[in-house]
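Observations on the model geometry
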Amino acid sequence: MSDPQVTRRQLLAGAGMAAGGLVVGFALGRVLNGAAPPATVAGAATPAASAAATGSATAAATAIPAVVATGTPPASQIDAWLSIGRDGGVTVYSGKVELGTGIETALSQVVAEELDLAVGRVAMIMGDTTETPNQGYTAGSLTLQSTVPILRNAAAATRQILMGLASSYLGVPAAQLTLKDGVVTGGGKQVGYGQLVGGGGLYQEIPAHVPVKDYHTYTVVGTPVPRVDIPGKMTGTFTYMQDVKVAGMLHGRVVRPAGVGATLKTIDPTSVGSLPGLVKVVRLGNFVGVVAQEEWQAIQAAQTLQVTWNLVHALPAEADLYKDLTSEKTVDKVEVNDGDVDAALKAAAKTLSATYTWPYQAHASIGPSCAIADVGKKAATVWSSTQGVYPLRDALAGLIGLPPDGVRVIYVEGAGCYGHNGFDDVAADAALLSQAVGKPVRVQWMRGDEFIWEPKGPAMQHQLRGAVSASGAVAAWDFQSWTPTHSTRPSGMPGNLLAGQLIVPPAPPAKNGFVGGDRNAPVNYTFSPRRVTIHWLPSSPLRPSALRSLGGAANTFANESFMDELAAAAGADPIAFRLRHLHDARAAAVIQAVAKLAGWQSRPSPAPGKPGQGRGIAFTRYENTLAYVATVAEVAVDTSTGAIRLLHVYVAHDCGQVVNPDGLRNQIEGNAIQSASRAVKEQVTFNRDQVTSVDWATYPILTFLEVPQVDVVLLDHPDQPVWGAGEIATEPTAAAIANAVFDATGARVRSVPLTADRVKAAL
Amino acid sequence: MALSLKVNGKTVAPEVDPTTPLLYVLRDSLGLKGPRFGCGLGQCGACTVLLDGQATRSCQVPVGTIQGHAVTTLEGLGTPESPHPLQQAFIDAQAAQCGYCSNGMIMTAKAFLDKNPHPSEAQVRQALAGNLCRCGTHMRIMKAVLGAASGQGASA
Ligand code: FES
Ligand code: FES
């Protein structure tokens, strides 16, 4: 691959000079494709192709240019974020990527609104190190909240430019111009956006203050625009990462160690020597893989290859997990300490103490991780479903010994990931195998690879102590948690990739620090004195990383279960008890809204009469400063077996300005069901060597027979900033269910998952 | 060895080992994208196709065993421009997030509705009990299937 180092900006500048300055936009892909198509990709997976595919999400076969970036335009410039093509259509360059949560549509709505265009005229290029700004990871529910203001300003600035150019072109004062459907009209004349923005009009700084539309005039933002990707997904024309094909591509599979930390003892390549289609057995230290012509051949070769491993029994006995957490040496951080908690606990009329546990859980994506790498001597192109194309690019560059500028990472949407699953690791597998054979290699993990080797949402433990006063108010609150970091993302370091840990010598890991375990550890209630202490664990038996809401799920389970225990100790209705300690109108509003939706009857728990049926509430505010959510769960408990039936989950949600109400509801419903599944069923099991949750039988999730009815009420604040909603509704569900079980039975279950055995033991 | 299959109404003769699961033949040899690899174990339903009208997990069927039989994939139902009523019902209900499970949901529901045009909600839940969705779009999927059923009822 000796392609010239072409960047979008250089190309645009060149086009500007040659053609009198017409900004290209989508035409760019065609120009580059014509110049240098080293890899033909069947399907619609290229960003350029998906850019062409708005509306129906389909596109013809196309080629991906393997150009190498020397940099995208500075993020302060309009053209870093959007361009307008000859046809007047807008192309948006987003470093944030579509993870199946509908942000592509929502971001298109924001741009369409400011530019008075149909949503279908806005195309999106998402996550490509040669095309899009470096926005780090698509994570933490931050996409809309961080990207909407930027895109809104960039589009509004573009609108101003279009008005200025149209005014001089048409000889009509700007005040008399109107914009509609890509055309500026005034004084009986008109001109298209595509004609106007020649001359590099968008290579301008986004002004600090640019007039944006008054939300009262919105016609696109705030409406349930149908998702642009869904028709293609429902008809088999959408191209997922798993569908991408590159010309000359071979298929690889990795043969993983038989246990965590195990080293390769023996390998017998002759055991697969006679298999048809086998290209190569690759061994790099403890990284073992096979490459074959066909996918099924690679799968059979990986199953047949004779390897033995030295096991090191690196994992603790599962039964000792929580004992081990609290006996480890930790790095302690006191996050809140606003009074003498110990004295208050001693002096209080009534004190409570409780221990909560949360297990390792899997992302459990329905589609195992997949990537394609084409690694040459000087340059590499990698197609991946990573949440961060730039951090992965840098980590892969280190792994295969190329400069970061020599590696292009192109995002292609995969199955939903819900955090950091195997997608970065599989890209590293593909890169090493491609480098070994000098051809493009596709790797898709098998179901067992995914369950065993994806990073897990880590196990946590909590110790809460609290007191209620004679008047029934919280008089002291003491929170302690034990947690490892919740992020081991690539961060540019090859040692954070599974393959990087298996090669010899292992690649250096990144120092990611302690991330995410403290999310929503403090509560938003106003009582004091309070103390919140995080005991950070420097290591974790199973590799931990980000799973939806990170520590927020376990912390909210502990906090909101304990609030319920205090409410019961005070003999108070759980909602009244919470409202008594909240002095924030929007917090109170979501709680009141969910109470209304669920038909909540005010009374203390547990319920009198109707044994076996109960309801519970939980509330949280994302990261203590962002979106508000309150959840009510209704359950039925079979008191002879302890089995829980989830009847209904109600969610009230306030994330500021709502861009797409139906997309938002979809996201909230999904969070509610997935988090309910995590609450009642999910736990990664392991023996002394290896994860033993290897498939859907050993890691069951909620099925259609078990999912509750979900109802959602949105509290829209069109005058307020947009807050993300990617994962917040995950946080309260487990506590709402545990509180409902208490309401139904008087039994308090303090460990997730709330299995029948645990409920029965607590009865 | 060349096999003869009928896929979405066309006769095809892929050159593959007859023990290869149908799923890989459809995806890799025939370039279809509807049927998806989810587990390869018959547990999730993502790979579902219609085999002579029956919802069948293509990851579990060696291609050599279905010589001459008719296979219908998601692509065989309809297109984005002209979707099958059931596909349209999924689009109308916006019954997907990532959509990776949708193929299995639609193909399983298709075979089910063909036999039970007027199901209750409980019957739909039962029919889809073996199809997993991790994004949690179950409510919308049921709405889509029930919506398609009532639509079919009206036109039948
Ligand atoms: S892939 Fe066939 S059932 Fe899961
Ligand atoms: S929509 Fe993602 S798995 Fe069902």
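None of these values were measured; they are calculated from a predicted model.

Calculation criteria
- In this convention, every chain numbers its residues from 1, walking through the sequence in written order.
- Lettering for chains starts from A, numbering for ligands starts from 1, and both go in the order in which the items are written.
- Selection of residues for local features in this predicted model requires a pLDDT of at least 70, selection of side-chain atom pairs for listing and counting requires 80 or more, and totals for whole chains, interfaces and linings are taken over all residues.
- Side-chain figures throughout are based on the complete set of non-hydrogen atoms in the structure, without hydrogens or water.
- A domain assignment, automatic or from a database, supplies the domain bounds used here.
- Residues count as neighbours in contact if any of their non-hydrogen atoms are within 4.5 Å of one another.
- Each of two parts loses accessible area, computed with a 1.4 Å probe, when they are put together; buried area is these two losses added.
- By salt bridge we mean one thing: a side-chain nitrogen of Lys or Arg within 4 Å of a carboxyl oxygen of Asp or Glu.
- A run of H or I in DSSP counts as a helix once it spans at least four residues, and a run of E counts as a strand once it spans at least two, with each numbered from the N terminus.
- We call Asp, Glu, Lys and Arg charged. Ala, Val, Leu, Ile, Met, Phe, Trp, Tyr, Cys and Pro are nonpolar, and the rest, Gly among them, are polar.
- In this scheme Phe, Tyr and Trp rings, the latter by its six-membered ring, pair at centre separations within 6.5 Å, and the angle between planes marks the pair as stacked below 30 degrees, edge-to-face above 60, and tilted otherwise.
- Buried means the residue's accessible area, taken with a 1.4 Å probe over protein chains only, is under 20% of the maximum for its type, while exposed means over 50%, and partly exposed covers the values in between.
- A ring has a charge above it when a Lys NZ or an Arg CZ is no more than 6 Å from the ring centre and no more than 35 degrees off the ring normal.
- Strands are treated as partners if at least two bridges between them are detected by DSSP.
- Lines are fitted to the C-alpha atoms to define the axes, a helix being fitted only along its stretch in contact, and any angle between axes, read from their N-to-C directions, falls within 0 to 180 degrees.
- Residues adjacent in sequence count toward polar contacts only when both atoms are side-chain atoms; beyond that, a polar contact is any pair of N or O atoms within 3.5 Å, and within protein one must be able to donate a hydrogen and the other to accept it.
- Each angle is binned into one of four classes, with values under 35 degrees roughly parallel, values over 145 roughly antiparallel, values of 65 to 115 roughly perpendicular, and all other values oblique.
- In a left-handed crossing the near helix is turned counterclockwise from the far helix by less than a right angle, and in a right-handed crossing that turn is clockwise.
- Take the number of residues in a helix, subtract one, and multiply by 1.5 Å to get its expected span.

Observations regarding the domain arrangement of chain B
Residues and elements named next belong to chain B. When cut into domains, chain B gives domain 1 (5-76) and domain 2 (85-155). With 19 residues of domain 1 in contact, the opposing surface of domain 2 contributes 13 residues. Interface area, domain 1 with domain 2, both sides summed: about 1200 Å², of which 54% is carbon and sulfur. Summed over the three residues of domain 1 that lose the most area to domain 2, namely Arg36, Leu50 and Leu74, the buried surface amounts to 39% of that side. Linking domain 1 with domain 2 are 0 salt bridges. Going through the elements one at a time, strand S3 (48-51) and strand S4 (54-57) are the ones with two or more residues in the side of domain 1 that touches domain 2. Split into classes, the residues belonging to the side of domain 1 that touches domain 2 amount to 9 nonpolar, 8 polar and 2 charged.

Some words on the packing of aromatic side chains
The relation between two aromatic rings is expressed through the spacing of the ring centres and the mutual angle of the planes. Summed over all chains, the structure comprises 15 aromatic pairs over all chains. Ring geometry for Phe451(A) versus Trp696(A): centroids 5.1 Å apart, planes at 80 degrees, classification edge-to-face. Here Phe451(A) is found in helix H13 (residues 447-453), whereas its partner Trp696(A) is found in the loop between helix H18 (661-680) and strand S27 (709-714), with 245 residues between them in sequence. Judged by its relative accessible area of 6%, Trp696(A) falls in the buried class. Note on Phe451(A) and Tyr699(A): the rings are 5.2 Å apart at their centroids and 45 degrees apart in plane angle, and the pair reads as tilted. One end of the pair, Phe451(A), is in helix H13; the other, Tyr699(A), is in the loop between H18 and S27, and 248 residues separate them in sequence. Of the two residues examined, Phe451(A) and Tyr699(A), each falls in the buried class. Taken together, the aromatic side chains of Trp477(A), Tyr525(A), Phe527(A), Phe562(A) and Phe619(A) make up a single cluster linked through ring pairs. Positioned above the aromatic ring of Trp600(A) is the side chain of Arg615(A), whose terminal nitrogen or guanidinium carbon lies 3.6 Å from the ring centre. The ring of Tyr100(B) has Arg36(B) sitting right over it, with the charged end atom 4.5 Å from the ring centre.

Let's talk about the sheet that holds strand S8 (residues 189-192) of chain A
All names here are of chain A. What the 3 strands build is an open sheet, ordered S6-S7-S8; its pairing is antiparallel. For this open sheet the edge positions go to strand S6 (178-180) and S8, each flanked by a neighbour on one side alone. Between one strand axis and the next, the sheet turns through 25 degrees on average, direction left out of account. Pairing geometry for S6 and strand S7 (residues 183-186), over 3 bridges, is antiparallel. Paired with Leu179 across the strands is Val184, a residue of S7.

So, the sheet that holds strand S3 (residues 82-84) of chain A
Residues and elements named next belong to chain A. Read across the open sheet, the 3 strands follow the order S3-S4-S5; overall the sheet is mixed. On the outer flanks of this sheet lie S3 and strand S5 (122-126), each paired with one strand and no other. For this sheet, the mean inter-axis angle between neighbouring strands, taken without regard to orientation, is 20 degrees. Sheet strands touched by helix H4 (residues 103-115): S3, strand S4 (90-94) and S5. Its angle to S5, the strand with the most contacts, is close to 135 degrees.

Brief notes about the domain arrangement of chain A
All names here are of chain A. Domain annotation of chain A identifies domain 1 (5-235) and domain 2 (555-763). Taken together, the contact between domain 1 and domain 2 spans 20 residues of the former and 19 residues of the latter. Summed over the shared surface of domain 1 and domain 2, the result is 0 salt bridges. Taken together, the connections running from domain 1 to domain 2 amount to 5 residue pairs in polar contact (both at pLDDT 80 or more). When contributions to the side of domain 1 that touches domain 2 are tallied by element, the ones reaching two or more residues are H4 and helix H5 (143-170). For the side of domain 1 that touches domain 2, the residue count by class is 10 nonpolar, 8 polar and 2 charged.

Concerning the side chain of His420(A)
All names here are of chain A. As for its position among the elements, His420 is in the loop between strand S19 (407-411) and helix H12 (423-437). In terms of polar contacts, His420 uses its side chain to reach the side chain of Ser545, at 2.7 Å. Those residues within four positions of His420 in sequence are excluded, and the remaining contacts are His363, Gln387, Pro455, Thr488, Arg489, Pro490, Ser545 and Ala546.

Some points on the packing of helix H15 (residues 551-569) of chain A against helix H19 (residues 733-745) of chain A
All names here are of chain A. Orientation of H15 relative to H19, taken along the N-to-C sense of each, is 30 degrees, at an axis distance of 8 Å. Judged by the angle between their axes, H15 and H19 are roughly parallel. As H15 packs across H19, the resulting crossing turns out to be right-handed. For the pair H15 and H19, the contacting residues are Thr556, Phe557, Glu560, Ser561, Asp564 and Ala568 in the first and Ala734, Ala735, Ala738, Asn739 and Phe742 in the second.

Focus: H18(A)
With 20 residues, H18(A) extends 28 Å between its outermost C-alpha atoms, agreeing within 8% with the 28 Å of an ideal straight helix rising 1.5 Å per residue. Of all 20 residues that make up H18(A), 17 are buried, and the element is covered over most of its length.

A look at the interface of chain A and chain B
Interface size is often expressed as the accessible area that is lost when the parts come together. Contact with chain A, which involves 66 residues of that partner, is made by 51 residues of chain B. Summed over both partners, the interface of chain A with chain B comes to about 4800 Å²; 58% of that surface belongs to carbon and sulfur atoms. Along the contact surface separating chain A from chain B lie 5 salt bridges. Two residues, Arg140(B) and Glu669(A), come together in a salt bridge whose shortest N-O distance is 2.7 Å. On the surface where chain A and chain B come into contact, there are 30 residue pairs in polar contact (both at pLDDT 80 or more). Put simply, the parts of the chain that give the side of chain A that touches chain B at least two residues each are helix H7 (230-235), helix H8 (295-304), strand S20 (441-444), H18 and S27 of chain A. Here the side of chain A that touches chain B gets 10 residues from one element, more than from any other, and that element is H18(A). A class-by-class count of the residues in the side of chain A that touches chain B yields 28 nonpolar, 23 polar and 15 charged.

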